[in-house]
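The residues making up each chain are set out below.
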Amino acid sequence: MATIFWVTCPRCGGKFYCHTQDLRHTDWKLLCPFCQHRFHQDESPQIVE
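Every value quoted in this text rests on a predicted model; they were computed, and no experiment measured them.

Asker: Just checking my understanding: could you explain the overall build of the chain for this structure?
Answerer: A tally of regular secondary structure across the chain gives one helix and five strands. Along the chain, from the amino end to the carboxyl end, the secondary structure elements read β-β-α-β-β-β. Here the C-alpha coordinates of the chain stretch approximately 30 × 20 × 15 Å along the principal axes. For the chain, buried positions account for 31% of its 49 residues.

Asker: What am I meant to see in the packing of aromatic side chains here?
Answerer: Two aromatic rings are characterised by how far apart their centres lie and by the angle between their planes. Using the criterion set out here, one finds two aromatic pairs in the structure. With 5.4 Å between their ring centres and 65° between their planes, Trp 6 and Tyr 17 make a pair best called edge-to-face. Taken as a pair, Trp 6 in strand S1 (residues 4-8) and Tyr 17 in strand S2 (residues 15-19) lie far apart in primary sequence, 11 residues in all. A residue is classified by how much of its surface remains accessible, and Tyr 17, at 53% relative accessible area, is exposed. Centroid distance Phe 16 to Phe 39: 6.3 Å. Interplanar angle 75°. Geometry classified as edge-to-face. On the criterion of sequence distance, the pair formed by Phe 16 in strand S2 and Phe 39 in strand S4 (residues 38-39) is long-range, its members being 23 residues apart.

Asker: Just to check I follow, could you spell out the nonpolar core for this structure?
Answerer: As a rule of thumb, soluble globular proteins bury nonpolar side chains together. Grouped together as the largest cluster of nonpolar side chains are nine residues: Phe 5, Val 7, Cys 9, Phe 16, Cys 18, Leu 23, Leu 30, Cys 32 and Phe 39. Listing elements by their share of this core, those giving two or more residues are S1 and S2. Excluding anything up to four places from it in sequence, Cys 18 contacts Thr 3, Ile 4, Phe 5, Val 7, Leu 23 and Leu 30.

What counts, and where the lines are drawn
- Residues numbered from 1 in each chain as written.
- Predicted model: local features only at pLDDT ≥ 70, side-chain atom pairs only at ≥ 80, totals over all residues.
- Heavy atoms only, no water.
- Helix = DSSP H or I, 4+ residues; strand = E, 2+ residues; numbered from the N terminus.
- Buried < 20%, exposed > 50% of the residue type's maximum accessible area, 1.4 Å probe, protein only.
- Phe/Tyr/Trp six-rings, centres within 6.5 Å; stacked < 30°, edge-to-face > 60°.
- Core = buried A, V, L, I, M, F, W, Y, C linked by side-chain atoms within 4.5 Å.
- Contact = heavy atoms within 4.5 Å.

Written out as structure tokens, the structure is:
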């Protein structure tokens, strides 16, 4: 079963999920599906694992 984590966009506040194995604790920028903002995980105001 795939594991996910929820992340909050620092620009619009939208919450969306990402695949833990591929994206968590990486330097890749995440893409908000709501406002198209690209940001690093450490910029997120909230991450729920």
